[in-house]
Amino acid sequence: EILGKGTAVIPSDGRVVAPADGLVTMVFDTKHAISMQTDNGAELIIHIGLDTVQLKGQYFDAHVAAGDKVKQGDLLLDFDIDKIKEAGYDVTTPVIICNTPQFPKMECVNGMEVRAGETAIIKL
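Residues numbered from 1 in each chain as written. Predicted model: local features only at pLDDT ≥ 70, side-chain atom pairs only at ≥ 80, totals over all residues. Heavy atoms only, no water.

Re the environment of Gly6
Take Gly6: it is sitting in strand 1 (residues 5-9). When the C-alpha positions of Gly6 and Asp29 are compared, they lie 23 Å apart, and in sequence the two are 23 residues distant. (Helix = DSSP H or I, 4+ residues; strand = E, 2+ residues; numbered from the N terminus.)

Right, here's the structure in full:
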């Protein structure tokens, strides 16, 4: 929890959609991670896979840029999940709230299947 509290998603396809309405604050040059500030003030980092920065952007595409306003469910990034796995990387995707002290009642829900647009992963 160095960066904050959160959860991890094991993606079933190669798409990352906005978990909430907000503002994209950064898309990493390697497109393997994105940060955003939600309209309720949560500062999120979504990091696709573990050590995937080593791929240097290969297999990742960004559909947004820093400064873009997004709505829950908007496509942020997509990635070739099969190629990333074939390259030997774990696609488990951490979703972290960096400013967790501002949300003392935050609850991370684990062990469930989540579909795009659902708000059940992290309850603030």
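Some details on the environment of Ser12
Relative to the helices and strands, Ser12 resides in the loop between strand 1 and strand 2 (15-17). For Ser12 and Ile48, which are 36 residues apart along the polypeptide, the C-alpha to C-alpha distance reads 12 Å.

A closer look at the sheet that holds strand 8 (residues 75-79)
Judged by pairing direction, the sheet is antiparallel, and its three strands sit side by side in the order 2-8-6 without closing on themselves. Edge positions in the sheet fall to strand 2 and strand 6 (60-62), since each has one partner strand and no second. Averaged over all pairs of adjacent strands, the angle between strand axes in this sheet comes to 15 degrees, irrespective of strand direction. Relative to strand 8, strand 6 runs antiparallel, the two sharing three bridges. The partner of Phe60 across the bridge, within strand 8, is Phe79. (Pairing = 2+ DSSP bridges. Axes fitted to C-alpha atoms, helices over the stretch in contact; angles between N-to-C directions.)

Some details on the sheet that holds strand 5 (residues 43-47)
Pairing within the open sheet is antiparallel, and its six strands lie in the order 1-9-5-4-3-7. One side of each edge strand has no neighbouring strand; the edge strands of this open sheet are strand 1 and strand 7 (69-70). Pairing geometry for strand 3 (residues 22-27) and strand 4 (residues 33-38), over five bridges, is antiparallel. When the bridges of strand 4 are listed, Val27 appears paired with Ile34.

Regarding the nonpolar core
One broad rule of soluble globular proteins: the nonpolar side chains tend to lie buried together. Counting 24 residues, the largest nonpolar core has Ile34 and Leu76 as the members making the most contacts within it. Residue assignment for this core shows that the elements contributing at least two residues are strand 3, strand 4, strand 5, strand 8, helix 1 (81-86) and strand 9 (93-97). Residues contacting Ile34, with those up to four places away along its chain left out, are Val24, Met26, Val27, Phe28, Leu44, Ile45, Ile46, Val64, Leu76 and Leu77. (Core = buried A, V, L, I, M, F, W, Y, C linked by side-chain atoms within 4.5 Å. Buried < 20%, exposed > 50% of the residue type's maximum accessible area, 1.4 Å probe, protein only. Contact = heavy atoms within 4.5 Å.)

Side note on the pattern of salt bridges
For the structure on display, the rule yields two salt bridges. As a salt-bridge pair, Asp21 and Lys71 come within 3.9 Å of each other at their nearest N and O atoms. Taken together, the positions of Asp21 in the loop between strand 2 and strand 3 and Lys71 in the loop between strand 7 and strand 8 put the pair 50 residues apart, joining distant regions of the chain. Assessed through its relative accessible area of 29%, Asp21 is described here as partly exposed. Exposure remark for Lys71: the relative accessible area of 52% places this residue in the exposed category. In this structure, Lys69 engages Asp39 in a salt bridge whose closest nitrogen and oxygen atoms are separated by 3.3 Å. Residue Lys69 is located in strand 7, and its partner Asp39 is located in the loop between strand 4 and strand 5; the two are separated by 30 residues in the primary sequence. One exposure class covers both Lys69 and Asp39, and it is exposed. (Salt bridge = Lys/Arg side-chain N within 4 Å of Asp/Glu carboxyl O.)

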